[in-house]
Amino acid sequence: MEVITYCLTWKKIKGAVGYEIQLKTSKKASYKTVKVLGKNATSYTQKNLGKGKTVYVRVRTFNTANGTKIYGSWAAKTVKLK
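So, here is what we can say about the structure in this document. (Residues numbered from 1 in each chain as written. Predicted model: local features only at pLDDT ≥ 70, side-chain atom pairs only at ≥ 80, totals over all residues. Heavy atoms only, no water.)

What follows is about the packing of aromatic side chains. Inspection of every chain in the model, using the stated rule, returns 2 aromatic pairs. With 5.2 Å between their ring centres and 50° between their planes, Trp10 and Tyr19 make a pair best called tilted. Comparing Trp10 with Tyr19 shows no difference in burial state: the two are buried. Above the face of the Trp74 ring, Arg58 is positioned so that its terminal group lies 4.1 Å from the ring centre. Sitting above the plane of the Phe62 ring, Lys69 keeps its charged end 4.4 Å from the centroid. (Phe/Tyr/Trp six-rings, centres within 6.5 Å; stacked < 30°, edge-to-face > 60°. Buried < 20%, exposed > 50% of the residue type's maximum accessible area, 1.4 Å probe, protein only. Lys NZ or Arg CZ within 6 Å of the ring centre and 35° of its normal.)

Structural data, given as structure tokens:
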């Protein structure tokens, strides 16, 4: 099986403390958090994905207030790997 690398990029969101990225490789599967990145991040690279697979990925921002994380809404994308 050929291995594919997928790079997700986004625009920096003013005021965000960080970004949470979740991924799944099946429509029926549950999303799993793959990475939590800091406020300066604008990309994430996922390696070891199979050619021809469909990947479901989503990202959201978060801030903290009084030690509690406050999350933004998800931005989701479905990608067919070639």
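By secondary structure assignment, the location of Gln22 is in strand 2 (residues 18-24). One polar contact links Gln22 to Arg58, side chain to side chain, over a distance of 2.7 Å. When neighbours within four sequence positions are excluded, Gln22 is seen to be in contact with Tyr31, Lys32, Thr33, Val34, Tyr56, Val57, Arg58 and Trp74. (Helix = DSSP H or I, 4+ residues; strand = E, 2+ residues; numbered from the N terminus. Polar contact = N/O pair within 3.5 Å; in protein donor to acceptor, adjacent residues only side chain to side chain. Contact = heavy atoms within 4.5 Å.)

Our focus in this paragraph is the nonpolar core. Tyr6, Leu8, Trp10, Ile21 and Leu81 are the most contacted members of the largest nonpolar core, which has 17 residues in total. Contributing elements (two or more residues each) for this core: strand 1 (3-9), strand 2, strand 4 (43-50) and strand 5 (54-65). Beyond its immediate chain neighbours, meaning those up to four positions away, Leu81 contacts Ile4, Tyr6, Leu49, Gly50, Lys51, Gly52, Lys53 and Val55. (Core = buried A, V, L, I, M, F, W, Y, C linked by side-chain atoms within 4.5 Å.)

The subject of this paragraph is the pattern of salt bridges. Under the counting rule described, the total for this entry stands at 1 salt bridge. A salt bridge links Arg60 to Glu20; the shortest N-O distance between them is 2.9 Å. In this pair, Arg60 sits in strand 5 while Glu20 sits in strand 2, placing the two residues 40 residues apart along the sequence. Using a relative accessible area of 17% as the deciding quantity, one classes Arg60 as buried. When its relative accessible area of 8% is taken as the criterion, Glu20 is described as buried. (Salt bridge = Lys/Arg side-chain N within 4 Å of Asp/Glu carboxyl O.)

Interpretation note: all reported values are geometric properties and have no functional meaning in isolation.
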